[in-house]
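Listed below, chain by chain, are the residues.
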Amino acid sequence: MRKLSELETKALPEVVEAFIPYGRQSISPADIEAVTAVLQSDWLTQGPAIEQFERAVAAQCGARYAVAVSSATAGLHLACLAAGVKPGNRVWTVPNTFVASANAARYCGADVDFVDIDPQTYNLDVAQLQAKLERAQQQNALPDVLIPVHFAGQSCQMQDIHRLSKTYGFTMIEDAAHAIGGQYQGQPVGSGKYSAMTVFSFHPVKIVTTGEGGVIVTNREDLYQHLLRLRSHGITREPALMTQPAEGPWYYEQLELGFNYRMTDLQAALGASQMQRIEGFITRRRELVARYNRLLAQFPLVLPHQHPETQSAWHLYVIQLDATRTAKTRREVFESLRAHQIGVQVHYIPVHTQPYYRQLGFAPGDFPVAEAYYAQAISLPLYADLTDAEQDRVVRVLAAALSDAHPG
Ligand SMILES: *Cc1c(COP(=O)(O)O)cnc(C)c1O
């Protein structure tokens, strides 16, 4: 028998386990068919798929109007503009969010400030909001707009925040990038019961995807018309809105400074097809969350807390290390998971500690609850196509990372 060469012996494969990301899209044959059908059609952008997708999102939310845009970031920008945000205005949001929630206000030239989070839900803390509003009123510095963020897919306490918005006179824009399919008081997130506009993201790690994309939902016709115009250069073809008589059938008017924030029909077709699967996505995410809750119950961790009035869409499953029960640091556990091909992430580095916001005057220590939460947080893999076996592997590696054992 031939002897194995040294090279061949060395090449004997070790078992390399596949990388498990923290989030990813689920694409079905029907999704692919929907996109290729658009490629064979007459419209690649702003065709019939846009309206179909917008109708699907509006129906999901029980809202009257939906405007599809190129990203949730673009959607937040337009929502701020439609809410009248301008230089010198004040916009408040939370530090525990993606930078886009705050940046949208900066695009409009507004001053940003933050409200700290609730240590249990990691969402905007209503008591802290109230206290900050009382102080702001005395200083004649009340906010014009508040952007609550439904972190990880769990709704904020919208009824309480809405009550404060009436007392103190600010507009509410919900950043629901994590929360399509979630519920609050039995109503879908985006119903618009307690806010002017709600913005969803369709980035591939979110619940439903269009590749890149966002949707703004609202119940107000005036905001809807304004958002449509801002999405496309500030241009109108509505004779009733024009300042001069139409010069011919080609005529349009640019009424204000708008943008090209349109979504393509390719993306919208994917979105419309995905929206037909949303119930399955949410159901699978809930199953995986129930499994995590059961499998991790005895670990030295703080598991996600659910407010009784909410049904999360479960964009993220965030654990915190419980420092009273483990000597392991977040960094050690995080690196150990990554070393074993578990694609954990951290949501979020508090926005006010980013260099851009420090240069505007914020500093570490400003929002201690968000900072303390951040110091211990890890997002575990969670997405509709994650299998039970893959989830079991995440739990095994996490168990080993929290003990001194070598993860097998
Ligand atoms: C993802 C995200 C956004 C931005 O969404 P894009 O569609 O990527 O622009 C905004 N806010 C939050 C909270 C997000 O998670």
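Presented here is an overview of the structure given in this document. Here the structure is a predicted model, which is why all the values come from computation and not from measurement. (Residues numbered from 1 in each chain as written. Predicted model: local features only at pLDDT ≥ 70, side-chain atom pairs only at ≥ 80, totals over all residues. Heavy atoms only, no water.)

What to know about helix H4 (residues 72-82)
- Most of H4 sits inside the fold, with nine of its eleven residues counted as buried.
- Ala-72, Ala-74, Gly-75, Leu-76, His-77, Leu-78, Ala-79, Cys-80 and Ala-82 are the residues of H4 that are buried.
- Elements that come into contact with the buried residues of H4 comprise strand S1 (65-69), helix H5 (100-107), strand S5 (171-175), strand S8 (197-201), strand S9 (214-218) and helix H8 (221-231).
- Where H4 begins, the side chain of Ser-71 points an oxygen toward the backbone nitrogen of Thr-73, at a separation of 3.3 Å.
- Residue Gly-84 follows H4 closely and has a positive phi angle near 90 degrees. (Buried < 20%, exposed > 50% of the residue type's maximum accessible area, 1.4 Å probe, protein only. Helix = DSSP H or I, 4+ residues; strand = E, 2+ residues; numbered from the N terminus. Contact = heavy atoms within 4.5 Å. Polar contact = N/O pair within 3.5 Å; in protein donor to acceptor, adjacent residues only side chain to side chain.)

What to know about the nonpolar core
- With 35 residues, the main nonpolar core has Phe-114, Ile-173 and Met-197 as its most contacted residues.
- Where this core is concerned, the elements lending two or more residues are S1, H4, H5, strand S3 (111-114), S8 and H8.
- No other element matches H4, which puts seven residues into this core.
- Sequence-distant contacts of Met-197, that is, excluding residues within four places in its chain, are made with Ala-79, Ala-82, Ala-83, Met-172, Ile-173, Glu-174, Ile-216, Val-217, Thr-218, Leu-223 and Leu-227.
- Ile-117, Ala-136, Leu-146 and Leu-164 belong to the second-largest nonpolar core, a separate cluster that totals 31 residues. (Core = buried A, V, L, I, M, F, W, Y, C linked by side-chain atoms within 4.5 Å.)

Here we look at the environment of Gln-267
- Within the secondary structure, Gln-267 is located in helix H9 (residues 265-275).
- As a C-alpha pair, Gln-267 and Ala-389 span 122 residues in sequence and 32 Å in three-dimensional space.
- Once residues lying within four places of it in the same chain are set aside, the contact partners of Gln-267 are Thr-210 and Glu-212.
- In this structure the side chain of Gln-267 is engaged in a polar contact, spanning 2.9 Å, whose partner is the backbone oxygen of Glu-212.
- Polar contacts involving the side chain of Gln-267 include one to the main-chain amide nitrogen of Thr-264, which spans 2.9 Å.

Points about the packing of aromatic side chains
- Throughout the structure, instances matching the rule amount to 15 aromatic pairs.
- Consider the rings of Phe-114 and Tyr-357, whose centres lie 5.9 Å apart with planes at 80 degrees: the pair is edge-to-face. You can see Phe-114 sitting in strand S3 and its partner Tyr-357 sitting in helix H12 (residues 355-358), a full 243 residues away along the chain. Both residues of the pair, Phe-114 and Tyr-357, count as buried.
- Taken together, a centroid distance of 5.8 Å and an interplanar angle of 70 degrees make the contact between Phe-114 and Phe-367 edge-to-face. Of this pair, Phe-114 sits in strand S3 while Phe-367 sits in the loop between H12 and helix H13 (368-376), and the two are 253 residues apart along the sequence.
- Phe-114 sits in the buried class, given a relative accessible area of 0%.
- Taking relative accessible area as the criterion, Phe-367 reaches 9% and is therefore assigned buried.
- Between Lys-132 and the ring centre of Trp-92, over which it is positioned, the NZ or CZ distance is 5.3 Å.
- Cation over ring: Arg-330 sits above Tyr-374, and NZ or CZ is 4.9 Å from the ring centre. (Phe/Tyr/Trp six-rings, centres within 6.5 Å; stacked < 30°, edge-to-face > 60°. Lys NZ or Arg CZ within 6 Å of the ring centre and 35° of its normal.)

With respect to the pairing of strand S2 (residues 90-93)
- Summarising the sheet, S2 and S3 pair through four bridges and their orientation is parallel. Each residue of the ladder has a partner; that of Trp-92, found in S3, is Asp-113.
- Regarding topology, H5 serves as the crossover connection from S2 to the parallel S3, and that connection is right-handed.
- By the bridge criterion, two bridges tie S2 to strand S4 (residues 145-146) in an arrangement that is parallel. Directly across from Trp-92, in S4, lies its bridge partner Leu-146. (Pairing = 2+ DSSP bridges. Right-handed = clockwise from strand over helix to strand, strands pointing away.)

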